[in-house]
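A closer look at the structure
Below are the chains, spelled out letter by letter.
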Amino acid sequence: MQPGTVPSEEEIRLASRAVEDGVLQTDLSVPSAHCGACIAAVEGALLRLNGVTSARLNLSTRRAAVKWQKDGPVPPLLWALAKAGYEATLFTHEEAGADPEMGRLIRATAVAGFAAANIMLLSVSVWAGADGETRNAFHLVSALLALPAVIYSGRLFFLSAWAALKSRRTNMDVPISIGILLALALSLYDTMQDGPHAYFDAVTTLIFFLLVGRTLDHLMRRRARRAVLGLARMMPRGATVIAPDGTRTYKPQTEIEAGARVLVAAGERIPLDGNVVSGAADLDAALVTGEATPVAARSGDAVLSGMLNLNGSLEIKVARRAGESFIAEMTRMMEAAEHGRARYRRLADRAAALYSPFVHSLAAAAFLAWMWGSGDWHRSLTVAISVLIITCPCALGLAVPMVQVVAARRLFQRGIALKDGSALERLAEADVVVFDKTGTLTLGDPRVTECSVLPGRDLDAVAALASLSRHPASRAIAALAGTRSRPQIKEFREVPGCGIEGRINGSLYRLGRPDWALGGRPAVPGTDKALGTILSRDGALTGYFEFSDIPRPQSGEAIEAIRGLGLAIEMLSGDRLEAAARMASSLGIEKFRAGLLPQDKIARLQELAREGGKPLMVGDGLNDAPALSAAHVSMAPASAADVGRAAADLVLFGSGLMAVPEALRTAVTARRLVRQNLALAVAYNLFVIPVALAGYVTPLMAAVAMSMSSVLVVANALRFPAVKERTATDRMRKTASLRTAEVAR
Amino acid sequence: VTVLVWLIPIALGMAAVALVAFLWSMRNGQYDDLDGAAERVLLDQKEDRPVTDDSRRR
């Protein structure tokens with residue numbers, strides 16, 4: 001885990017929820033956990049932390065639930081896991097939210113399954129030739145079982161159909177409900193009249209199969225996306241306002257007017273857009289531009305809300321009220337973008353829109369034709385009902401979700417979390433992949449790429465100094481030096497916009513901008529680069545550092561693979577032109593744009609959409625969140641900001657980008673299987689409808705035909721190619737044995 | 001025919017027990033971590049209940 005992506009204590013606290021008195025629970029996603037030894041290692045690492053009362057890893061969902069004491073400091077959960085060899089990310093409460101609908105569906109399915117199995121048992125003996133008294137008794141028992149089951153399990157369809165009819169629409173549930181109710185009523189009537197046929201088995205199996213499909217579909221439906229809420233939550237609720245007479249009061253954000261002066265201490269976010277009046281600080285602008293390099297702000301500079309003050313203290317004159325701030329603007333942009341995508345209609349819905357009017361008119365026509373031909377209302381009704389039942393969209397209802405569930409499982413095995421079934425359909429349509437640069441194609445934090453300080457006393461000193469600062473450059477230096485012995489530091493001081501200094505073993509070390517560190521002397525040529533940072537001892541140059549953002553593992557391969565799939569590639573960056581151009585040429589990307597603001601990224605995506613393209617956006621930063629919502633389909637790495645992760649359709653848990661072509665390939669396979677399944681279901685219907693219209697459908701035939709089609713569709717979905725790549729499993733096995741060895745120690 | 005008077009209620013009763021058992025096990029969180037349960041047998045731990053979200057049940 002890179003230091004830049006570790007969530008702050010506040011963020012952990014916000015993502016936690018109270019479970020008992022004084023105990024908070026935090027959910028972590030640990031995608032690399034996969035075996036029994038992992039359970040021991042993960043839980044052991046978490047339980048050893050101070051304040052943690054219980055830790056539990058769920059191997060199926062690869063999520064760890066940690067309970068810890070609220071009063072103490074926040075335990076370094078992610079750090080402990082990283083040390084044990086597991087990358088983990090915070091799993092926010094919104095993503096984990098309870099799902100009452102799922103429980104309702106499973107209970108209804110269980111009840112329908114219970115009734116269907118028992119009625120089928122009785123029906124088999126009727127079909128086998130049970131006669132007279134016995135048959136009537138069996139029908140009666142079936143009726144007693146079917147009635148409550150239909151009322152309990154079928155209500156999900158009835159309610160949905162009723163809602164559709166009330167708003168003068170029709171959906172798949174309307175023919176289903178009519179079919180179920182008519183068949184039930186006719187069967188009850190026949191049971192009372194001691195008739196030879198009853199359709200209780202067909203009715204309950206119909207409900208059972210449909211509910212299985214519905215449950216799977218629900219599993220794939222989008223969960224509530226609270227991206228926008230998350231954005232607002234990151235902002236401070238208020239700010240310290242300095243009145244003209246010098247008194248300081250803490251006011252809620254909404255009450256602060258333009259022209260007011262607010263104080264922003266080190267470690268706080270800037271609450272409102274404005275200009276610096278006094279003070280100086282380095283600002284982390286990741287929220288605004290997505291770039292990791294901090295900007296120095298001095299008196300007179302304009303600052304935007306959402307920037308994080310890394311050091312120093314600032315007094316800001318507010319330029320705009322809260323409703324007009326940069327963050328508010330982003331929130332509005334995301335909401336607007338969401339609306340655009342909501343227009344996408346899922347394949348299953350489009351199929352249903354064609355399907356239900358067709359079935360309605362067919363059943364009605366069958367009834368009228370038979371009525372006109374034979375004049376026997378009972379016979380006509382039986383034919384109409386058998387048309388409704390035999391064309392039941394069971395197979396149709398299973399065709400799409402079954403494939404998507406299998407595909408989602410395959411993706412999960414590869415470390416890709418799918419949030420929404422329709423995303424898989426949209427992903428298969430994507431024809432251009434748009435990457436963000438910093439944090440997506442690259443790792444997003446500067447790494448030391450050149451260091452002229454020799455290991456020894458000076459390097460230890462600089463590591464000790466750097467470990468005291470939050471500046472990304474300092475963190476990179478501290479990470480480079482590792483955890484060697486650190487000398488004592490006296491008189492540590494952080495000078496915003498310049499660097500850090502401290503006295504070690506009597507010498508004054510300065511780390512920072514060349515002109516400041518050398519005390520006004522001109523910089524040594526060749527060191528004054530974009531992030532040129534030098535170390536001086538008592539004013540004399542001892543060495544310099546250079547930083548750059550390194551590409552994410554597998555970036556090049558992944559881009560090659562995406563090209564191989566026939567998709568175009570573009571890069572949109574908020575960074576400077578030279579930096580973007582360098583990265584683009586090193587990765588072989590021809591089309592790129594640099595220096596973009598969030599709205600420019602959206603504009604580019606809309607331009608692509610107007611030209612008929614379906615862009616897949618891969619991005620991570622908060623500044624990418626609106627673009628992620630605006631794109632046809634979007635992905636974010638797990639290291640992305642909370643909001644970015646929430647706005648994306650797919651989240652990549654691994655650190656490599658190869659997952660992107662992997663997901664694209666899986667989506668295309670899924671689309672092929674879905675189409676096959678739909679074709680199977682339609683072909684099957686074309687085959688049985690004439691039989692039903694001719695009036696040859698007996699209860700036995702209806703039951704067999706219905707089950708067969710569903711089984712066929714499910715079997716086809718299970719043909720989904722398994723995860724094959726041998727190297728990946730080998731690697732897994734290797735790390736597994738390594739971890740076992742670690743645990744044994 | 002008389003034997004059916006006994007057998008059918010018995011069959012239904014057995015199935016009903018299965019249904020109730022399923023609903024109970026689901027509510028109890030028995031299916032929350034199927035992979036973990038298989039591995040935990042091998043670990044030397046006292047507590048082996050699956051994690052359930054207490055706040056959700058209340």
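Residues numbered from 1 in each chain as written. Chains lettered and ligands numbered in written order. Predicted model: local features only at pLDDT ≥ 70, side-chain atom pairs only at ≥ 80, totals over all residues. Heavy atoms only, no water.

Our next topic: the overall build of chain A. Helix and strand counts for chain A come out as 27 helices and 27 strands. Across the 745 residues of chain A, 53% fall into the buried class. Expressed as a percentage of contacts within chain A between residues at least 6 apart in sequence, the contacts between residues at least 24 apart total 69%. If you sum the accessible surface of chain A, you get close to 32,400 Å²; carbon and sulfur atoms cover 58% of it. (Helix = DSSP H or I, 4+ residues; strand = E, 2+ residues; numbered from the N terminus. Buried < 20%, exposed > 50% of the residue type's maximum accessible area, 1.4 Å probe, protein only. Contact = heavy atoms within 4.5 Å. Areas by Shrake-Rupley, 256 points an atom, 1.4 Å probe, with all protein chains shown as cover.)

A separate point is the overall build of chain B. On a plain count of helices and strands, chain B comes out with 3 helices and 0 strands. Taken from the N to the C terminus, the helices and strands of chain B come in the order α-α-α. Put simply, chain B has 58 residues, and 19% of those count as buried. About 4,500 Å² of surface is accessible on chain B, with carbon and sulfur atoms providing 64% of the total.

Residues and elements named next belong to chain A. Between its terminal C-alpha atoms helix α6 (residues 132–166) stretches only 44 Å, short of the 51 Å expected from 35 residues at 1.5 Å a residue. Where α6 bends most, at Gly154, the angle is about 55°. In the stretch just after α6, Arg168 is the one whose phi turns positive, near 55°. (Expected span 1.5 Å × (residues − 1). Bend = angle between axes of the 7 residues up to and from the residue.)

So, about the pairing of strand β6 (residues 238–242) of chain A. All names here are of chain A. Here β6 lies mainly inside the structure; 4 of its 5 residues are buried. By the bridge criterion, 5 bridges tie β6 to strand β7 (residues 248–252) in an arrangement that is antiparallel. From the neighbouring strand, Val241 faces β7, where its bridge partner is Thr249. The turn joining β6 and β7, which pair antiparallel and follow one another in sequence, is formed by 5 residues; a positive phi near 95° is taken by Gly246. Pairing geometry for β6 and strand β8 (residues 261–264), over 3 bridges, is antiparallel. (Pairing = 2+ DSSP bridges.)

Turning next to the packing of aromatic side chains. Going through the model one piece at a time under the given rule, you end up with 3 aromatic pairs over all chains. Both rings, one in B:Phe22 and one in B:Tyr31, keep their centres 5.9 Å apart while their planes meet at 40°; by these two values the pair is tilted. Taking relative accessible area as the criterion, B:Tyr31 reaches 42% and is therefore assigned partly exposed. If you follow A:Arg155 out to its NZ or CZ, it ends over the ring of A:Tyr152, 4.7 Å from the centre. (Phe/Tyr/Trp six-rings, centres within 6.5 Å; stacked < 30°, edge-to-face > 60°. Lys NZ or Arg CZ within 6 Å of the ring centre and 35° of its normal.)

Sheet architecture is open: 6 strands sit in the order β7-β6-β8-β14-β9-β12 (chain A), paired in antiparallel fashion. Looking at which strands have only one partner, the edges of the open sheet turn out to be β7 and β12 (302–303) of chain A.

Residues and elements named next belong to chain A. With 115 residues, the main nonpolar core has Leu427, Phe435, Leu616, Met635 and Leu664 as its most contacted residues. At 14 residues, the largest contribution of residues to this core is made by helix α25 (residues 659–693). Beyond its immediate stretch of four places on either side in the chain, Leu664 contacts Leu427, Ala430, Val433, Ile562, Leu565, Leu567 and Leu616. In terms of nonpolar packing, the next biggest core, distinct from the first, is built from 30 residues, Ala37, Val42, Leu49 and Val52 among them. (Core = buried A, V, L, I, M, F, W, Y, C linked by side-chain atoms within 4.5 Å.)

All names here are of chain A. Throughout the structure, instances matching the rule amount to 0 disulfides over all chains. Left without a disulfide partner, Cys35 is nearest to the cysteine sulfur of Cys38, which lies 3.0 Å away. Judged by its relative accessible area of 0%, Cys38 is buried. (Disulfide = S-S within 2.5 Å.)

Residue and element names in this part refer to chain B. On the surface, a cluster of nonpolar side chains totalling about 680 Å² of accessible area is made up of Val3, Val5, Trp6, Leu7, Ile10 and Met14. Topologically, Met14 is positioned in helix α1 (residues 2–27). You can call Met14 exposed: its relative accessible area is 58%. (Patch = residues over 30% accessible without salt bridge, like charges linked within 9 Å, V, L, I, M, F, W, Y side chains within 5 Å. Salt bridge = Lys/Arg side-chain N within 4 Å of Asp/Glu carboxyl O.)

Our next topic: the confidence of the model for chain B. Residues and elements named next belong to chain B. When pLDDT is averaged across chain B, the result is 75; 74% of the residues are at 70 or more. Predicted confidence for residues 53–58 stays below pLDDT 50, and this span has 10 contacts to residues more than four positions away or in other chains. Taken over the whole predicted complex, pTM reads 0.74, whereas the ipTM for its chain interfaces reads 0.75. (pLDDT = per-residue confidence, 0-100.)

For the rest of this paragraph, the subject is the environment of A:Ala108. Residues and elements named next belong to chain A. As for its position among the elements, Ala108 is in helix α5 (residues 100–127). You can call Ala108 buried: its relative accessible area is 0%. Sequence spacing of Ala108 and Ala84 is 24 residues, and the spatial spacing of their C-alpha atoms is 43 Å. Residues contacting Ala108, with those up to four places away along its chain left out, are Tyr152, Ser153, Leu156 and Leu211.

Residue and element names in this part refer to chain A. Reading across from one edge, β15-β27-β26-β25-β16-β23-β24 is the order of the 7 strands in this open sheet, with mixed pairing throughout. Sheet topology places β15 (416–418) and β24 (591–593) at the edges, where each strand pairs with a single neighbour. On average, each strand axis in the sheet is inclined to that of its neighbour by 20°, with strand direction left out of account. In the sheet, strand β26 (residues 633–637) pairs with strand β27 (residues 650–652) via 3 bridges, with the strands oriented parallel. Within β27, the position partnered with Pro637 by the bridge is Leu652. (Axes fitted to C-alpha atoms, helices over the stretch in contact; angles between N-to-C directions.)

All names here are of chain A. Within this structure, the stated rule accounts for 15 salt bridges over all chains. In this structure, Asp436 and Lys601 form a salt bridge, with 3.0 Å as the shortest nitrogen-oxygen distance. Placement of Asp436 in strand β16 (residues 432–436) and of Lys601 in helix α22 (residues 598–610) is noted, with a sequence separation of 165 residues between them. The partner of Glu662 in a salt bridge is Arg665, and the shortest N-O contact between them spans 3.7 Å. One end of the pair is Glu662 and the other is Arg665, both in helix α25 and 3 residues apart, which spans about a single turn. Owing to a relative accessible area of 38%, Arg665 belongs among the partly exposed residues under this scheme. Through salt bridges with shared partners, one network takes in Glu570, Lys591, Arg604 and Glu607.

Right, let's talk about unusual backbone geometry for a bit. When glycine is set aside, most residues are seen to have a negative phi, and most peptide bonds are trans. Residue and element names in this part refer to chain A. The phi dihedral of Asp194 falls on the positive side, at around 60°, and the residue is not glycine. Its place among the elements puts Asp194 in the loop between α7 (173–192) and α8 (200–220). When its relative accessible area of 44% is taken as the criterion, Asp194 is described as partly exposed. You will see that Asn505, though not glycine, has its phi angle at about 50°, which is positive.

When two helices pack together, their arrangement is given by the angle between their axes and by how far apart the axes lie. Residues and elements named next belong to chain A. The interhelical angle for the contact between α6 and α7, taken along N-to-C directions, is 155°, at an axis separation of 9 Å. For the element pair α6 / α7, the angle class is roughly antiparallel. As α6 runs across α7, the sense of the crossing is left-handed. On α7, the residues that touch His139, Leu140, Ala143, Ala146, Leu147, Val150, Phe157, Phe158, Ser160, Ala161 and Leu165 of α6 are Asp173, Val174, Ile176, Ser177, Ile180, Leu181, Leu184, Leu188 and Thr191. A per-class count over the contact of α6 with α7 returns 15 nonpolar, 4 polar and 1 charged. (Parallel < 35°, antiparallel > 145°, perpendicular 65-115°, else oblique. Left-handed = near helix turned anticlockwise from the far one by under 90°. Nonpolar A, V, L, I, M, F, W, Y, C, P; charged D, E, K, R; others polar.)

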